[in-house]
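Given next are the chains, with one letter for each unit.
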Amino acid sequence: MSLSSKIALGLILVIGLFAGANAVIQDQVFWDRFVTVEQDHAQADLDRVRNAIAEEEHDLTAIAAAKVNSPLIAALLDDSRRARTELALGTPHLPSEAALLAGQVMSPERLREERLDVLFLIDVTEEDGFGFHPVIVGHLEDGFGQPLELSLFPKNGFGKSHYLLNAASGLDEVFQNSGLMLTDHAPLLVSARRVLDEDGEPRGTLILGRFLSGMLDQEITNQTKVDFDVWRVEEVLGWTESDFSISPELREVQSVADQVTSSPEAVVIEGDLLHVYGTYNDINHRPDLIVRANVERDVTRTG
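Residues numbered from 1 in each chain as written. Predicted model: local features only at pLDDT ≥ 70, side-chain atom pairs only at ≥ 80, totals over all residues. Heavy atoms only, no water.

Describe the packing of helix 2 (residues 71-89) against helix 3 (residues 97-105), and please don't skip the residues or the numbers.
Geometry of a packed helix pair, given as the angle between the helix axes and the separation of the axes. Contact pair helix 2 / helix 3: the axes reach a minimum separation of 8 Å and the direction vectors enclose 120°. Judged by the angle between their axes, helix 2 and helix 3 are oblique. Between helix 2 and helix 3 lies a crossing whose hand is left-handed. Along the contact surface, helix 2 presents L72, A75, L76 and D79, while helix 3 presents A98, A99, L101, A102 and V105. Looking at the contact of helix 2 with helix 3, its residues break down into eight nonpolar, no polar and one charged. (Axes fitted to C-alpha atoms, helices over the stretch in contact; angles between N-to-C directions. Helix = DSSP H or I, 4+ residues; strand = E, 2+ residues; numbered from the N terminus. Parallel < 35°, antiparallel > 145°, perpendicular 65-115°, else oblique. Left-handed = near helix turned anticlockwise from the far one by under 90°. Contact = heavy atoms within 4.5 Å. Nonpolar A, V, L, I, M, F, W, Y, C, P; charged D, E, K, R; others polar.)

As structure tokens, this is what we get:
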């Protein structure tokens, strides 16, 4: 073998050994670091989603605080009371101009523009023959602009023990007047406020809400650039094999439910996507909503 051939062979062996060592170093050192970085970014994505939900909650609370002091709310309560009096007397009722204006401002179209799926105004100074407070305004849609019926929002009247009436009063520390409520339809961000008269006495309750589904779900995804899903813990724990046969991914959700609800730490499941699980507290500060961020593996996919 000539000298040049020996030199070429030696260089090939050196380059091969270097490439092999580099691959080992990458696999054993840098790869683990890449995975850690990827998981850290994924947990940050989950936090962005939860923070966006909290911002929606704060925004709703601010809207409720502004509306509850609006003269239009007072006009609706006054007009409704006058209508009941005139009905009892058998005289025709003509709505006031302020009440007509309030009706326009609180039309379904206007409320959709404000992204309000729920707006209820209840007169707490009046009762029907069964002890229920009358509903003056009852707007309830499903998050997509379609009418909805829920037992939480009875349009025929609210009983004195209704959670949101007690919450709005602020008289019992057990009841929170703003937060996340879990309904049969979807998780609901809600804010309840007591309407007071000039003497500071209660005259009504205003309830606003946004469902964490439909348009709001898409808006949070667009805002955070993170695809996410939410489930009620009670719903997840009740899933059976028939549910898994329809959607196998639900088995993974149920498998982490106990862990994610008993610890503030996020749970990361690796796959084609990183699934990062956490919780969001409901109106009573219980971790009753599971939130999952679905994160693309941009770092490790490229190697």
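Having seen the model, we can carry on.
Can you tell me about the nonpolar core, naming the residues and giving the values?
In this structure, L121, L206 and L208 are the most contacted members of the largest nonpolar core, which totals 40 residues. Element by element, the count of residues in this core is highest for helix 1 (residues 3-67), at nine residues. Beyond its immediate sequence surroundings of up to four residues, L206 is in contact with A64, K67, V68, I73, L119, F120, L121, S191, A192, R193 and V195. Membership of the second largest hydrophobic core comes to 24 residues, among which are V124, F153, Y163 and M181. (Core = buried A, V, L, I, M, F, W, Y, C linked by side-chain atoms within 4.5 Å. Buried < 20%, exposed > 50% of the residue type's maximum accessible area, 1.4 Å probe, protein only.)

Please give an account of the layout of surface pockets that cites residues and values.
For the largest pocket, the calculated volume is near 240 Å³. In terms of lining, the largest pocket is formed by 14 residues, of which the most central are A186, P187, V230, W231 and E235. In terms of residues, the lining of the largest pocket owes the most to one element, strand 8 (residues 227-232), which gives five residues. Residue classes in the lining of the largest pocket are distributed as six nonpolar, three polar and five charged. (1 Å grid on protein atoms, 1.4 Å probe; cavity = no way out; pocket = protein on both sides within 12 Å on 5 of 7 lines; lining within 4 Å. Points joined across faces, edges and corners; volume = space filled by probe spheres on them.)

Please provide a residue-by-residue account of the side chain of D282, values included.
One can find D282 in the loop between strand 10 (273-280) and strand 11 (289-296). In terms of polar contacts, D282 uses its side chain to reach the backbone amide nitrogen of N284, at 2.9 Å. Residues within four places of D282 in sequence aside, it is in contact with L180 and D288. (Polar contact = N/O pair within 3.5 Å; in protein donor to acceptor, adjacent residues only side chain to side chain.)

Would you mind going over the packing of aromatic side chains in detail, with residue names and values included?
Applying the stated rule across the entire model yields three aromatic pairs. Measuring from ring centre to ring centre gives 5.3 Å for F120 and F153, while their planes differ by 35°; the resulting arrangement is tilted. Taken together, the residues F120 in strand 1 (residues 118-123) and F153 in the loop between strand 3 (135-140) and strand 4 (158-159) connect sequence positions 33 residues apart. With respect to burial, F120 and F153 carry one shared label: buried. When the ring of W231 is compared with that of W239, the centres are 6.4 Å apart and the planes differ by 90°; the resulting orientation is edge-to-face. Among the residues examined, W231 registers a relative accessible area of 10% and is labelled buried. Feature note: the residues F120, F153 and F158 constitute an aromatic cluster, connected by ring pairs. (Phe/Tyr/Trp six-rings, centres within 6.5 Å; stacked < 30°, edge-to-face > 60°.)

Before we move on, can you summarise the pairing of strand 1 with the specific residues and values?
Of all six residues that make up strand 1, six are buried, and the element is covered over most of its length. Judged by which residues are buried, strand 1 turns out to be covered on both faces: V118, F120 and I122 on one side and L119, L121 and D123 on the other are all buried. Sheet topology note: the strand 1/strand 3 ladder contains five bridges and is antiparallel. Bridge pairing in strand 3 places L121 opposite V137. Where strand 1 and strand 7 (residues 202-211) come together, six bridges link them in antiparallel fashion. For V118, the partnering residue across the bridge sits in strand 7 and is G209. (Pairing = 2+ DSSP bridges.)

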